[in-house]
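# Breakdown of the fold
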Amino acid sequence: MDDQYTFENKTYKDTYRHTTSHILAQAMKRLYPEVKLAIGPAIEDGFYYDFDSPEPFTPEVLEKLEAEMRKICKEKLKLERFELPREEAIKYMQEKDEPYKVELINDLPEDAHISFYTQGEFTDLCAGPHLDSTGRIKGNAIKLTQCCGAYWRGDSKRKMLQRIYAVAFPKKEELDQYLAEQAEALKRDHNKLGRELEYFTTVDCIGQGLPILLPKGARVIQVLQRWVEDVEQAHGYLLTKTPLMAKRELYKISGHWDHYLDGMFVLGDPQDETKECFALRPMTCPFQYQVYLNRGRSYRDLPMRLGETSTLFRNEDSGEMHGLIRVRQFTISEGHLVLRPDQLEDEFRDCLDLAKYCLGTVGLLDKCTFRFSQWDPANPKNKYEGTKEQWDHAQSVMAKILDDLDVKYDIGIDEAAFYGPKLDIQYKNVYGKEDTLVTIQIDMLLAERFGMYYTDENGEKKLPYIIHRTSLGCYERTLAYLIETYAGALPTWMAPEQVRFLPVTDRAVDYCKDQAAKLTAQGYRVTVDTRSEKIGKKIRDAQMEKIPYMLVVGDRDIEAGTVSPRHRADGDLGAMTLDAFTAVLKDVVDNKLKK
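Residues numbered from 1 in each chain as written. Predicted model: local features only at pLDDT ≥ 70, side-chain atom pairs only at ≥ 80, totals over all residues. Heavy atoms only, no water.

## Details of a nonpolar patch on the surface
Test applied: Patch building starts from residues that exceed 30% relative accessible area and form no salt bridge, then joins like charges within 9 Å and nonpolar side chains (Val, Leu, Ile, Met, Phe, Trp, Tyr) within 5 Å. Here the Shrake-Rupley method, with its probe set to 1.4 Å, supplies the accessible areas, and only the displayed protein chains count as covering residues. Salt bridges are defined by distance alone: a side-chain nitrogen of Lys or Arg within 4 Å of a carboxyl oxygen of Asp or Glu. In DSSP terms, a helix is any run of H or I states spanning at least four residues, a strand is any run of E spanning at least two, and both are numbered starting from the N terminus. Accessibility here uses a 1.4 Å probe with only protein chains present; expressed as a share of the type maximum, an area under 20% marks a residue as buried, one over 50% as exposed, and anything in between as partly exposed.
A cluster of nonpolar residues, Val203, Ile206 and Ile212, forms a patch on the protein surface that exposes about 200 Å² of accessible area. If you trace the backbone, Val203 turns up in the loop between β9 (200–201) and β10 (212–213). The class of Val203 is partly exposed, set by a relative accessible area of 31%.

Written out as structure tokens, the structure reads:
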């Protein structure tokens, strides 16, 4: 079947959704003519349109807009393109009182011819392309999904607009399927489920992007951190502990002051050179370099693998905040390897193997993708250190390593760090939004800035290469993805509560406490439900809290010296001695089984 005019064809899909965004804008101007139009592009999962409105868009407003959009589709309005010279285009939009469109046109070259699309009484500034008629859009397969704030042109210093997100499909059945999938995603959404299960919370007076990890969430992250530190030690990493802040002088040496100042929390006046000025660290690298610089180094000291469970601070825009995935303070399994050039490929491979092992063990690797993040040679001085020749060399070396390791990757232009290219291991949340989970970066520049020389076998001073890497990435983000992946039922080995004793009667409470103490002494995380509730409710509550193992204990168990385990997924396992159950639990935990 020819897929030219189906959603199998990405160009057609984007064009279809872009046309639908114009229908939304037309509906808005019909119902609320005072609203000003900004931009309305197609995106991966649908489209959005940004509006400047004096009133908030309520669910009732969205319903009215959807109804008007369906009418416009039935009107089968022809979409017609025309062009105007720049000055005429500006005047045209000024007459329509559309200041955001005027600003966009002003940013175009003076000799540009500006294109517009008209449908019925409505005209919008647009490069196109579009479908030929609003009748091509299925009105009953459109859904306005949400409304949120968005800064004009993504600039937090500009006005906050209202962004309406929407989806559009060629068939209503496809919309229904999409909405069903979104309903299922909502059940797994860590921002909802993580709060319900009491893994974390947020507090307005503390601030956006600064979550409070409740005892359950804190315990999971502690378990993961201890495990990663032990794994890294087995791989030859040296543990460091460095300060959370430093004077601006350190960041000037590293380049963060020039390239990342807007993303840092600064304590003091960054422009006043007469007074001390500190900043909370956004990265650990310049701090760990001081460990290397503590004394002179020989080629025999390399590779030096430094690891740290680092708390970092990044001044993300408020509009970017999302649960545990986008935060302003986070903890990361950070590490830096200082090495000779001849060691680069082997050490890079080991970093990748370590990251894949960690992600595979927690159950996230299968859904990961890989991105080779490169610099943008069209804009080197605004963001990047180094020369074109240095970047070409670094990227060619990294490309060879990735090809040698048979890594399948996409290329991300302008996604590199300011000092070098990187391999980003990407992951999508339940709604399809992608973020970086783990990164491995090659740095051929910063060693020189810090004077990180070593003496080679001939007694000559040489500069090392540096690998910046993480094993499991940001622990808060990892926890979010784990909650979504397992719908809150985390594998037993990392679960905050592994076993809960459920006494059937008050007579069984002391017996349960004695048995629980034996498991606790072996390092397992165990509680006893001593409430005066019926056993059915205790089981239901434990199931709702996703407890891996429930040990039901009644009079018969006390007499026989047994427990009656239930697994949250497998159900009743039958009566057995505590030693027998401990053997089952030990196998699941020690082998880090995903159950």
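## Focus: the side chain of Arg525
Filter applied, for reference: By the counting rule applied here, Lys and Arg register as positive and Asp and Glu as negative, while His and the ends of each chain are not counted. Pairs of N or O atoms are called polar contacts if they sit within 3.5 Å, as long as, within protein, a hydrogen donor faces a hydrogen acceptor (for residues adjacent in sequence, only side-chain-to-side-chain pairs). Whether two residues touch is decided by their heavy atoms; if any such pair falls within 4.5 Å, the residues are in contact.
Mapped onto the elements of the fold, Arg525 is located in the loop between α16 (509–521) and β25 (526–528). No salt bridge is formed by the buried Arg525; the nearest opposite charge belongs to Glu497, separated by 9.2 Å. In this structure the side chain of Arg525 is engaged in a polar contact, spanning 2.8 Å, whose partner is the backbone oxygen of Ala495. When neighbours within four sequence positions are excluded, Arg525 is seen to be in contact with Arg219, Val223, Thr492, Trp493, Met494, Ala495, Pro496, Glu497, Gln498 and Val499.

## Observations regarding the packing of aromatic side chains
Cut-off, in case you're wondering: Only Phe, Tyr and Trp rings are paired, with Trp represented by its six-membered ring, and only when their centres lie within 6.5 Å; those with planes under 30 degrees apart are stacked, over 60 edge-to-face, the remainder tilted. Whether a charge sits over a ring depends on NZ of Lys or CZ of Arg being within 6 Å of the ring centre and within 35 degrees of the ring normal.
In total, this model carries 24 aromatic pairs according to the counting rule given. Ring centres 6.3 Å apart and planes at 65 degrees place the aromatic pair Tyr251 and Phe287 in the edge-to-face group. With Tyr251 in helix α8 (residues 248–254) and Phe287 in helix α10 (residues 285–292), the pair connects residues that are 36 residues apart, well separated along the chain. Exposure class is identical for Tyr251 and Phe287. Each is buried. Where Tyr427 meets Tyr481, the ring centres are 4.6 Å apart and the plane angle is 45 degrees; that geometry is what we call tilted. Taken together, the positions of Tyr427 in strand β19 (residues 422–428) and Tyr481 in helix α15 (residues 475–485) put the pair 54 residues apart, joining distant regions of the chain. Neither Tyr427 nor Tyr481 differs from the other in exposure class; each is buried. Note that Arg163 overlies the ring of Tyr48, its terminal NZ or CZ placed 3.8 Å from the centroid.

## Things to note about the sheet that holds strand β5 (residues 113–119)
Each strand in a sheet pairs with its neighbour through backbone hydrogen bonds, running either in the same direction (parallel) or in the opposite one (antiparallel). Worth spelling out the cut-off: Whether two strands pair depends on DSSP finding at least two bridges between them. Angles shown run from 0 to 180 degrees and are taken between the N-to-C directions of axes, each axis being a line fitted to C-alpha atoms and, for helices, limited to the stretch in contact.
Overall, antiparallel pairing links the three strands, which are arranged β4-β5-β6 in an open sheet. In the strand order of this sheet, the two ends are held by β4 (79–85) and β6 (122–125), each with one partner. Adjacent strand axes in the sheet meet at a mean angle of 30 degrees when their direction is disregarded. Taken together, the four bridges between β5 and β6 define a ladder with antiparallel strand orientation. Its bridge partner lying in β6, Tyr117 is registered against Asp124. Where helix α3 (residues 86–95) meets the sheet, its contacts fall on β4, β5 and β6, and the angle it forms with β4 comes to roughly 120 degrees.

## Describing the nonpolar core
Going by this rule: To define a nonpolar core, start from buried Ala, Val, Leu, Ile, Met, Phe, Trp, Tyr and Cys residues and group those joined through side-chain atoms within 4.5 Å.
With 75 residues, the main nonpolar core has Leu224 and Phe501 as its most contacted residues. Counting residues per element, this core draws most heavily on helix α11 (residues 344–362), at nine residues. Look past the residues within four positions of Leu224 in its chain and what remains in contact with it is Val362, Leu472, Tyr475, Thr478, Leu482, Trp493 and Met494. By size, the runner-up hydrophobic cluster in this structure holds 35 residues, among which are Leu24, Leu62, Phe169 and Tyr178.

## So, helix α17 (residues 535–544)
Side chains that are three or four residues apart share a direction in an α-helix, a result of its 3.6 residues per turn. Convention followed: Read the arc as the range of directions from the helix axis to the C-beta atoms.
Those residues of α17 that sit buried are Lys538, Ile539, Asp541 and Ala542. The buried residues of α17 occupy one face: seen down the axis, they fall within an arc of 165 degrees. Away from its buried face, by an angle of more than 90 degrees, α17 presents the exposed residues Arg540 and Met544. Residues of α17 that are buried sit in contact with β24 (499–503), β26 (549–553) and β27 (564–567).

## Side note on the packing of helix α1 (residues 10–31) against helix α2 (residues 59–75)
For clarity, the threshold we go by: Oblique is the label for any angle not covered by the other classes, which are roughly parallel (under 35 degrees), roughly antiparallel (over 145) and roughly perpendicular (65 to 115). Each crossing gets its handedness from the near helix: less than a right angle anticlockwise from the far helix is left-handed, clockwise is right-handed.
Close contact between α1 and α2 brings their axes to 9 Å; oriented N to C, the two are set at 115 degrees. When the axis of α1 is compared with that of α2, the two are roughly perpendicular. Here α1 runs over α2; the crossing is right-handed. In this structure, α1 uses Thr20, Ile23, Leu24, Gln26, Ala27, Met28, Arg30 and Leu31 to contact α2, whose residues at the interface are Lys64, Leu65, Glu68, Met69, Ile72, Cys73 and Glu75.

## What to know about the environment of Ala27
On the secondary structure map, Ala27 appears in helix α1. Exposure remark for Ala27: the relative accessible area of 0% places this residue in the buried category. In this structure, the C-alpha to C-alpha distance between Ala27 and Glu68, residues 41 residues apart in sequence, is 5.6 Å. Those residues within four positions of Ala27 in sequence are excluded, and the remaining contacts are Leu65, Glu68, Met69 and Ile72.

## Regarding the packing of α16 against helix α19 (residues 578–590)
Heads up, the condition is: Residue polarity is assigned by list, with Asp, Glu, Lys and Arg as charged and Ala, Val, Leu, Ile, Met, Phe, Trp, Tyr, Cys and Pro as nonpolar; anything else, Gly included, falls into the polar class.
Between α16 and α19, whose axes approach to 12 Å, the crossing angle comes to 35 degrees. Between α16 and α19 lies a crossing of right-handed hand. Of the residues in α19, those in contact with Gln515, Lys518 and Leu519 of α16 are Leu578, Phe581 and Thr582. Its residues placed into classes, the contact of α16 with α19 shows three nonpolar, two polar and one charged.

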